[in-house]
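Listed below, chain by chain, are the residues.
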Amino acid sequence: LFAIFAFATCGGYSGGLRLSVDCANKSESDLNIDIAFAYPFRLHQVNFDAPTCEGKRREKLSLIGDFSSSAEFFVTIAVFAFLYSLAATVVYIFFQNKYRENNRGPLIDFIVTVVFSFLWLVSSSAWAKGLSDVKIATDPDEVLLLMSACKQQSNKCLPVRSPVMSSLNTSVVFGFLNFILWAGNIWFVFKETGWHSSGQRHPPDAMEKQPSSYNQGGYNQDSYGPAGGYNQPGSYGQVGEYGQSQSYGQSGPTSFANQI
């Protein structure tokens, strides 16, 4: 939706301005000079006629500037972003298993999202500068300076109507909103790749190895015999049969019968 608003408000624009040239000789005046222009803003191809206030002769003039490159670049990015968003929505809904297979889908989605975020920033910035130049080139006061009749003080040249640029201003706003939207979406697509979870995963069996340290060099609950002695090799012997204490040995406790 944001992409549609971006290219619709820019690509569908058409506007115009109106000027008035009041010559000293009223019969030579032209009080309604309409100049129309539209996307892609090749203003140097916009021609119009103006009176010279020297008889019936009129001069053919044109606006100044060609701003089609930034405007077309902006609209192209918006159209492709719309198409990719539409295709991605279909994949998310109907081909979720294919999307997650071998992690290829999230990886491609992540790369494309980063690229579109960068392109939105570049195209919106370029179009904002281009729109500023369009406003200057279509300013009625600037256009009046192109007319030879307006250079004579005896003639009166006035702007009647200025072009309405509200939709073009909206397109720039939507361009930067799309950049924020796509840039913010990078985080969510990054989480789909699995890199986020793998980066936070603890080493395997890290917590399981800690209790085993007590068994290796410390106490073992199972080492205690029924009479309270230690069963580990080399430990103190326990009291054997007939009340005689068992000998100390590296091979463990021995019974009294074996000693005899």
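All values reported here derive from a predicted model rather than from experimental measurement.

**Focus: the pairing of strand β1 (residues 14-22)**
- With 7 of its 9 residues buried, β1 lies for the most part within the structure.
- The sheet contact formed by β1 and strand β2 (residues 30-38) spans 7 bridges and is antiparallel. Pairing of Leu 19 across the sheet is with Ile 33, part of β2.
- Pairing analysis gives 5 bridges linking β1 to strand β5 (residues 156-161), with the strands arranged antiparallel. Its bridge partner lying in β5, Leu 19 is registered against Pro 159.

**Some thoughts on a nonpolar patch on the surface**
- A cluster of nonpolar residues, Leu 1, Phe 2, Phe 5, Val 173, Leu 177, Ile 180 and Leu 181, forms a patch on the protein surface that exposes about 680 Å² of accessible area.
- Listing elements by their share of the nonpolar patch, those giving two or more residues are α1 (2-11) and α6 (166-192).
- With 4 residues, α6 is the single largest residue contributor to the nonpolar patch.

**Quick notes on the state of the cysteines**
- Following the criterion strictly, the structure yields 2 disulfides and no others.
- Between the sulfur of Cys 23 and that of Cys 53 lies a disulfide, 1.8 Å long from S to S. Torsion about the S-S bond of the Cys 23 and Cys 53 cystine: about -70°, corresponding to left-handed handedness. Linking Cys 23 in the loop between β1 and β2 with Cys 53 in the loop between β3 (47-51) and β4 (58-62), this pair joins segments that are 30 residues apart in sequence.
- When its relative accessible area of 13% is taken as the criterion, Cys 53 is described as buried.
- Disulfide partner of Cys 150: Cys 157, at an S-S distance of 2.1 Å. Between Cys 150 and Cys 157, the S-S torsion sits near -100°, and that sign places the bridge as left-handed.
- In this structure Cys 150 comes out as partly exposed when scored by relative accessible area, which is 22%.
- For Cys 157, a relative accessible area of 18% gives the class buried.
- With cysteine numbering restricted to those in disulfides and following the sequence, the protein chain has the pairing 1-2, 3-4.

**Topic: the nonpolar core**
- Counting 42 residues, the largest nonpolar core has Ile 35, Phe 37, Phe 41, Phe 48, Trp 120, Trp 127 and Met 147 as the members making the most contacts within it.
- For this core, the secondary structure elements donating two or more residues are α1, β1, β2, β3, α2 (68-94), α4 (104-137), α5 (140-144) and α6.
- In this structure Phe 41 touches Tyr 13, Gly 65, Asp 66, Phe 67, Ser 68, Ala 71, Trp 127, Val 134 and Leu 168, once residues within four positions along its chain are discounted.

**Comments concerning the sheet that holds β1**
- One open sheet holds the 3 strands; their spatial order is β2-β1-β5, and the pairing between them is antiparallel. Two strands in the sheet have a free side with no partner beyond their single neighbour: β2 and β5. Between one strand and the next, the sheet's axes are offset by a mean angle of 25°, whatever the strand orientation.

Parameters at a glance
Residues numbered from 1 in each chain as written. Predicted model: local features only at pLDDT ≥ 70, side-chain atom pairs only at ≥ 80, totals over all residues. Heavy atoms only, no water. Buried < 20%, exposed > 50% of the residue type's maximum accessible area, 1.4 Å probe, protein only. Helix = DSSP H or I, 4+ residues; strand = E, 2+ residues; numbered from the N terminus. Pairing = 2+ DSSP bridges. Patch = residues over 30% accessible without salt bridge, like charges linked within 9 Å, V, L, I, M, F, W, Y side chains within 5 Å. Areas by Shrake-Rupley, 256 points an atom, 1.4 Å probe, with all protein chains shown as cover. Salt bridge = Lys/Arg side-chain N within 4 Å of Asp/Glu carboxyl O. Disulfide = S-S within 2.5 Å. Core = buried A, V, L, I, M, F, W, Y, C linked by side-chain atoms within 4.5 Å. Contact = heavy atoms within 4.5 Å. Axes fitted to C-alpha atoms, helices over the stretch in contact; angles between N-to-C directions.

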